[in-house]
Amino acid sequence: LFFFFSSRRRHTRCREVSWARRCVQETALDVSQKRDALKKIIAAMTVGKDVSLLFLDVLKCMETQSLELKKLIYLFVINYAKSQTDLALLSVNTLRKDSKQKDNPLLRALAVRTMGCIGVESVTEYLCDPLRDALSDPDPYVRKTAAICVAKLFEIKEADVERFDFISRLVELASDDNPMVIANAIIALSEISVSRGPILTLDNNLLGKLLIALPDSSEWSRVYLLDFLAVHIPKKFADVEDVVSRVLPQLSHSNSAVVMSSVRLLIRYMDMLTDPEKIRSLCRKITPALVSLMNSEPEIQYIALKNINLILQKRPN
């Protein structure tokens with residue numbers, strides 16, 4: 001029975017993929033039918049079925065005005081570009097054209113993100129010009145997407161990042177007016193600095209921008225911002241107190257990573273405080289946040305206990 005039903009399921013999936021292939025090849029079909037066909041293909045790809053043979057057929061659907069259809073096509077291209085490097089080059093012209101769509105910032109961002117995520121050196125050669133334009137795009141969504149793409153390009157071809165001076169542009173974006181752009185610029189610079197060394201220095205202007213961006217950022221962006229501030233400690237005592245007061249609300253965040261990054265920052269900033277009463281007050285606020293993590297999953301409990309042990313060794317009183 002097991003082999004009978006397994007064979008039947010495989011046969012059903014094959015029929016669905018064959019139907020999807022006919023749909024994407026048929027030019028007379030409307031957008032909704034092609035969208036349903038692509039969803040079938042993506043579903044098969046997600047469960048581990050090799051549908052790379054459909055790569056060329058899917059590429060032929062790229063010339064569409066439907067953003068939803070393009071998202072599915074680009075997802076497929078990202079997944080199979082490394083195994084179909086020659087065919088992946090066929091998508092470059094459409095991607096570059098989409099990156100210049102003046103009336104659609106979502107499409108511009110999607111095209112730049114796709115070129116950055118493909119991870120094939122022969123394709124990234126064509127990424128630099130659109131990426132340079134995207135970093136100066138008037139729309140913040142495009143700029144924040146481009147910031148992350150710089151980090152991806154650095155992993156693939158560091159020389160291009162240096163040649164186009166993208167790191168200097170990231171430094172400028174770290175002082176952008178939009179919190180999302182600031183957060184993504186810090187994320188990209190943090191990733192690049194792991195292999196390149198320190199890039200950004202903390203001054204009053206940047207500190208003010210980061211503190212404004214912190215509450216408006218996504219939870220994982222907050223982790224990067226908090227980790228950056230934990231490493232780059234302000235020199236002025238007033239700035240230290242300002243950072244501490246802005247970070248304290250993050251101790252009640254629902255994401256345990258945000259809580260742990262906040263605790264790490266506060267413990268490091270305690271070394272800059274001289275008033276014993278302020279230090280004791282800070283400790284009383286950190287304690288409930290760490291204890292609350294004991295209601296989380298076992299892995300988080302373990303990390304919390306390890307950190308509690310280290311804190312007690314550092315500050316036994």
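Residues numbered from 1 in each chain as written. Predicted model: local features only at pLDDT ≥ 70, side-chain atom pairs only at ≥ 80, totals over all residues. Heavy atoms only, no water.

Colleague: Account for the confidence of the model for the protein, with residues named and values stated.
Modeller: Interpreting fine coordinate detail is not advised for predicted regions of low pLDDT. Scored by pLDDT, the protein has a mean of 86; 91% of the residues are at 70 or more. Contacts of residues 1–11 to residues separated by more than four positions or lying in other chains number zero contacts, the stretch itself having pLDDT below 50. (pLDDT = per-residue confidence, 0-100. Contact = heavy atoms within 4.5 Å.)

Colleague: Outline the layout of surface pockets, listing residues and values.
Modeller: The computed volume of the largest pocket comes to approximately 370 Å³. Lining the largest pocket are 15 residues, and of these Cys 283, Thr 287, Ile 311, Leu 312 and Arg 315 sit closest to its centre. Those elements giving two or more residues to the lining of the largest pocket turn out to be α17 (256–270), α18 (276–292) and α19 (298–314). A total of seven residues in the lining of the largest pocket trace back to one element, the largest contributor, which is α18. Partitioned by chemical class, the residues of the lining of the largest pocket number 11 nonpolar, two polar and two charged. (1 Å grid on protein atoms, 1.4 Å probe; cavity = no way out; pocket = protein on both sides within 12 Å on 5 of 7 lines; lining within 4 Å. Points joined across faces, edges and corners; volume = space filled by probe spheres on them. Helix = DSSP H or I, 4+ residues; strand = E, 2+ residues; numbered from the N terminus. Nonpolar A, V, L, I, M, F, W, Y, C, P; charged D, E, K, R; others polar.)

Colleague: With reference to specific residues and values, describe the packing of helix α4 (residues 67–80) against helix α7 (residues 105–118).
Modeller: Remark: α4 packs on α7, axes separated minimally by 10 Å, with the N-to-C direction vectors making an angle of 5 degrees. It follows that α4 is roughly parallel to α7 by the angle criterion. Of α7, the residues touching α4 (which contributes Leu 67, Lys 70, Lys 71, Tyr 74, Val 77 and Ile 78) are Leu 106, Leu 107, Leu 110, Ala 111, Thr 114, Cys 117 and Ile 118. Here the contact of α4 with α7 is built from residues that sort into 10 nonpolar, one polar and two charged. (Axes fitted to C-alpha atoms, helices over the stretch in contact; angles between N-to-C directions. Parallel < 35°, antiparallel > 145°, perpendicular 65-115°, else oblique.)

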